Amino acid sequence: MAWKGEDLRGRSFDGCNFMGSQWEDVNLDGCHFRHCFFDFSTFRRCSLRQTSFLFCSVSGSKMEDCDWTGSDLLHVNFNALEATQTQFSESDLYFTRFVGSKLDHVAFIDCNLKKTQFTGSWLQEVNFKASNYEEAEFDTAPEARP
Amino acid sequence: MKLVFHYSVENFSNTYVVGPDGGGDALLIDPGVLDVRLLEAIESNGFTIRWVLITRCQPNHVRGLRTLKKVYDAEIYSRQTQVLGFECQLVKPGTHLQLGPFKVDCLCYPEFSHDTVIYKYENWVFCGDLISAGKAGKTGSAYAQANLAQALERRFFSWQEDLLVFPGEGPPTTLRSEKLFNLVRRSAGLEVLDPAAPIGSLPAMEP
């Protein structure tokens, strides 16, 4: 599945399988995703502002130059995410997981990171300014992912 | 078939209901809480809870059982003969349950706890506390954790990759993701598959 340059603003998706999909220059602002699977997908230059991802799995995905500003990302599985130049600012990431992720120049400014898990992750130039990271997990990664 | 998912804020736990598309007899996994929202979700889908499957006999998995039994006359399956005073059908290792239209495989993991059982229905796995996305369940010691890692390697990660995994806590995951990224495998230095390998077709999860 591949989407390029599409405007999908405000749509709702429930229980959908998007595994292995490609999203390039897609506008997903205001979309609602619930119980969807996006494992091993690729997002490039996508706008996901004020989206709602509830109990979704985005494990093993790659993300480049995406904007998730102002989104509700509760209980999302972002494990093993490889993200660069991506914004999660002003988002609610309660109990979301970035276990084993590689985050390079990613911004979590003014976010709710309560109980968010970064266990085993590799973080470079990641900005957590003004965020609530009470009970978040930042266990040191045993090795940095290449 | 349809899968209904319910998250309890009080318990930090997930409850799942599986039932036919047009309504009918349904099974419920881990009644941690039976609140108004869950009840509305059950009723709006036309479900009647006939069977309750318990992955672990801990309060956050069973606290809602008393309320549930007041509403539904359901059979309870667990690794104990009694839960909260209710008689249960005892699940033994390797049991295959035929519950109406549902054929459910039951697998026990005494390496994790004596009362843990996970349930597999078609390509959905309800694993309770055994696995949560990216991590294995917590045990009491490094030795027990190593035992659990070995047990998972032999009897969980060896399954087919197209399974969708629904833990008792936290977001869903897939067996493929867990084989590649679960910390218990990475920390054990186990060989992982090529994440760039093509993914087979996976059936959608019904809302």
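Residues numbered from 1 in each chain as written. Chains lettered and ligands numbered in written order. Predicted model: local features only at pLDDT ≥ 70, side-chain atom pairs only at ≥ 80, totals over all residues. Heavy atoms only, no water.

K.L.:
What is the right way to read the overall build of chain B from this model?
P.N.:
Looking only at helices and strands, chain B features six helices and 16 strands. Within chain B, the fraction of its 207 residues that count as buried is 54%. Within chain B, counting contacts between residues at least 6 apart in sequence, those at least 24 apart form 52% of the total. Element-wise, carbon and sulfur atoms account for 52% of the exposed surface of chain B, whose accessible area totals about 8,800 Å². (Helix = DSSP H or I, 4+ residues; strand = E, 2+ residues; numbered from the N terminus. Buried < 20%, exposed > 50% of the residue type's maximum accessible area, 1.4 Å probe, protein only. Contact = heavy atoms within 4.5 Å. Areas by Shrake-Rupley, 256 points an atom, 1.4 Å probe, with all protein chains shown as cover.)

K.L.:
Could you clarify how one ought to interpret the overall build of chain A in this entry?
P.N.:
The helix and strand inventory of chain A stands at zero helices and 11 strands. Counted from the first residue to the last, chain A has its helices and strands arranged as β-β-β-β-β-β-β-β-β-β-β. Here the C-alpha atoms of chain A give a radius of gyration of 14 Å, agreeing with the 15 Å that 2.2 N^0.38 yields for 146 residues. Taking all 146 residues of chain A together, 58% fall into the buried category. Residue pairs at least 24 apart in sequence account for 2% of intrachain contacts in chain A once pairs closer than 6 positions are excluded. Carbon and sulfur atoms make up 42% of the accessible area of chain A, which totals about 5,900 Å². Of the side chains in chain A, 14 bear a positive and 22 a negative charge, and the two mean positions are spaced by 3 Å. (Rg over C-alpha atoms; globule rule 2.2 N^0.38 Å. Lys, Arg positive; Asp, Glu negative; His and termini not counted. Charge placed at Lys NZ, Arg CZ, Asp CG, Glu CD.)

K.L.:
Where do I start with the interface of chain A and chain B in this structure?
P.N.:
It is common to give the size of an interface as the accessible area that goes away when the parts come together. Counting residues at the interface gives 30 residues for chain A and 30 residues for chain B. Buried surface at the junction of chain A and chain B, both sides included, amounts to about 2,400 Å², of which 67% is carbon and sulfur. Taken together, the links from chain A to chain B amount to two salt bridges. Lys135(B) serves as the salt-bridge partner of Glu137(A), at 2.6 Å between the closest nitrogen and oxygen. Summed over the shared surface of chain A and chain B, the number is 13 residue pairs in polar contact (both at pLDDT 80 or more). When grouped by side-chain class, the residues that make up the side of chain A that touches chain B number 11 nonpolar, 12 polar and seven charged. (Buried area = accessible area lost by both parts, 1.4 Å probe. Salt bridge = Lys/Arg side-chain N within 4 Å of Asp/Glu carboxyl O. Polar contact = N/O pair within 3.5 Å; in protein donor to acceptor, adjacent residues only side chain to side chain. Nonpolar A, V, L, I, M, F, W, Y, C, P; charged D, E, K, R; others polar.)

K.L.:
Sorry, what's going on with the environment of Glu64(A) here?
P.N.:
Residues and elements named next belong to chain A. Position of Glu64 relative to the elements: it lies in strand 7 (residues 62–64). Sequence separation between Glu64 and Phe138 is 74 residues; the distance between their C-alpha atoms is 23 Å. Dropping the residues within four chain positions of it, Glu64 is found in contact with Phe43, Arg44, Arg45, Thr84 and Thr86.

K.L.:
So what exactly am I meant to see when it comes to the sheet that holds strand 4 (residues 32–34) of chain A here?
P.N.:
By way of backbone hydrogen bonds, the strands of a sheet pair with one another, either parallel or antiparallel. Residues and elements named next belong to chain A. Read across the open sheet, the four strands follow the order 2-4-6-8; overall the sheet is parallel. Lying at the two open borders of the sheet, with one neighbouring strand each, are strand 2 (12–14) and strand 8 (72–74). Recorded for the sheet is a direction-independent mean angle of 5 degrees between the axes of neighbouring strands. Looking at chain direction, strand 4 and strand 6 (residues 52–54) are connected through three bridges and run parallel. Looking across to strand 6, one finds that Phe33 is bridged to Phe53. (Pairing = 2+ DSSP bridges. Axes fitted to C-alpha atoms, helices over the stretch in contact; angles between N-to-C directions.)

K.L.:
Is there a simple way to explain unusual backbone geometry in this structure?
P.N.:
Apart from glycine, the bulk of residues carry a negative phi angle, and the bulk of peptide bonds sit in the trans form. Residue and element names in this part refer to chain A. Although it is not a glycine, Phe40 adopts a positive phi angle of roughly 60 degrees. Summarising the element assignment, Phe40 is placed in the loop between strand 4 and strand 5 (42–44). In the Ramachandran plot, Arg45 falls in the positive-phi region, its phi being about 50 degrees despite a non-glycine side chain. Locating Arg45 in the fold gives a position in the loop between strand 5 and strand 6.

K.L.:
For this particular structure, what's the right way to read the environment of Cys36(A)?
P.N.:
Residue and element names in this part refer to chain A. Position of Cys36 among the secondary structure elements: in the loop between strand 4 and strand 5. Judged by relative accessible area, Cys36 falls into the buried class, the value being 0%. Remark: the alpha-carbon pair of Cys36 and Gln50, spanning 14 residues in sequence, is separated by 17 Å. Non-local contacts of Cys36, meaning those with residues more than four positions away in its chain, are made with Phe13, Asp14, Gly15, Cys16, Phe18, Phe55, Cys56 and Ser57.

K.L.:
It is not clear to me how empty space enclosed by the protein should be interpreted in this structure. Could you clarify?
P.N.:
All names here are of chain B. In total, this model carries one cavity of 30 Å³ or more according to the counting rule given. In this model, the largest cavity occupies a volume close to 60 Å³. Those elements that place two or more of their residues in the lining of the largest cavity are strand 1 (2–8) and strand 2 (13–19). Within the lining of the largest cavity, the residues separate by chemical class into eight nonpolar, three polar and no charged. (1 Å grid on protein atoms, 1.4 Å probe; cavity = no way out; pocket = protein on both sides within 12 Å on 5 of 7 lines; lining within 4 Å. Points joined across faces, edges and corners; volume = space filled by probe spheres on them.)

K.L.:
Any chance you could explain the pattern of salt bridges here in plain terms?
P.N.:
Two side chains that carry opposite charge are able to pair once their charged atoms sit near each other. Considering all chains together, one arrives at 19 salt bridges over all chains under this definition. Put simply, Asp129(B) and Arg56(B) hold a salt bridge, and the shortest N to O gap is 3.4 Å. Note that Asp129(B) is positioned in the loop between strand 12 (124–128) and strand 13 (131–132) and Arg56(B) in the loop between strand 4 (47–53) and helix 2 (59–62), a separation of 73 residues in sequence. Here Asp129(B) falls in the partly exposed class, since its relative accessible area comes to 23%. The partner of Glu111(B) in a salt bridge is Arg155(B), with the nearest N and O atoms 3.0 Å apart. On the criterion of sequence distance, the pair formed by Glu111(B) in the loop between strand 10 (102–108) and strand 11 (117–121) and Arg155(B) in helix 4 (residues 142–155) is long-range, its members being 44 residues apart. We classify Glu111(B) as partly exposed; its relative accessible area is 22%. Beyond isolated ion pairs, a larger network of salt bridges with shared partners links Lys4(A), Glu24(A), Asp25(A) and Arg45(A).

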